[in-house]
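Chain by chain, the residues run as shown.
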Amino acid sequence: MSSNDTKHVQTELNEEEYERFREFAEEHGLSLKEASHEALIEWVERQQQANPNDAAFTVLDELDDSSLPRTAQTDAREEDDLVDEWHGNDESFVLAEDPSSNS
């Protein structure tokens, strides 16, 4: 980047803030300028809000209510039923213990 492509940002820190920042930059092998740049970019990225119009947030609104069944039907069975039905012999498995029973 040429100096015409960059802008400068300046801030003030009290003695304690400056020392913490200087030590942090030194520990990470960065100059104060490099550490400042990274800190500002990270802060901006964290502050940016998600776009509420993103498809990830609107997909449920787009579903047609009539396309969904009034009541959901499942083939819910007990774990033992699934194990009894499994006839594979090329893989072995062990069911994990219930973690709540270890207390």
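Residues numbered from 1 in each chain as written. Predicted model: local features only at pLDDT ≥ 70, side-chain atom pairs only at ≥ 80, totals over all residues. Heavy atoms only, no water.

By the naming in an unreviewed UniProt entry, the chain goes by CopG family transcriptional regulator and is assigned to Halogeometricum luteum.

A. Quick peek at the overall build of the chain. The secondary structure content of the chain amounts to four helices and zero strands. Each helix and strand of the chain, ordered N terminal to C terminal, gives the series α-α-α-α. Classification of the 103 residues of the chain by burial places 3% in the buried group. (Helix = DSSP H or I, 4+ residues; strand = E, 2+ residues; numbered from the N terminus. Buried < 20%, exposed > 50% of the residue type's maximum accessible area, 1.4 Å probe, protein only.)

B. Spotlight on the confidence of the model for the chain. Here the chain averages 77 in pLDDT, while 58% of its residues score no lower than 70. Looking at the elements of the chain, mean pLDDT is at its lowest for helix 4 (residues 79-85), recorded as 59, and at its highest for helix 1 (residues 15-27), recorded as 96. (pLDDT = per-residue confidence, 0-100.)

C. Main features of the pattern of salt bridges. Per the counting criterion, the structure on display carries three salt bridges. Across the pair R22 and E26 runs a salt bridge whose closest N-O atoms are separated by 3.0 Å. Linking R22 with E26, this pair stays in helix 1, spanning four residues, or about one helical turn. Classification of E26 as exposed rests on a relative accessible area of 58%. In this structure, the salt-bridge partner of R46 is E42, at a minimum N-O distance of 2.9 Å. Separated by four residues within a single helix, R46 and E42 lie in helix 2 (residues 32-47), roughly one turn from each other. With a relative accessible area of 37%, E42 lands in the partly exposed category. Connected through salt bridges with shared partners, the residues E19, R22 and E26 form a single ionic network. (Salt bridge = Lys/Arg side-chain N within 4 Å of Asp/Glu carboxyl O.)

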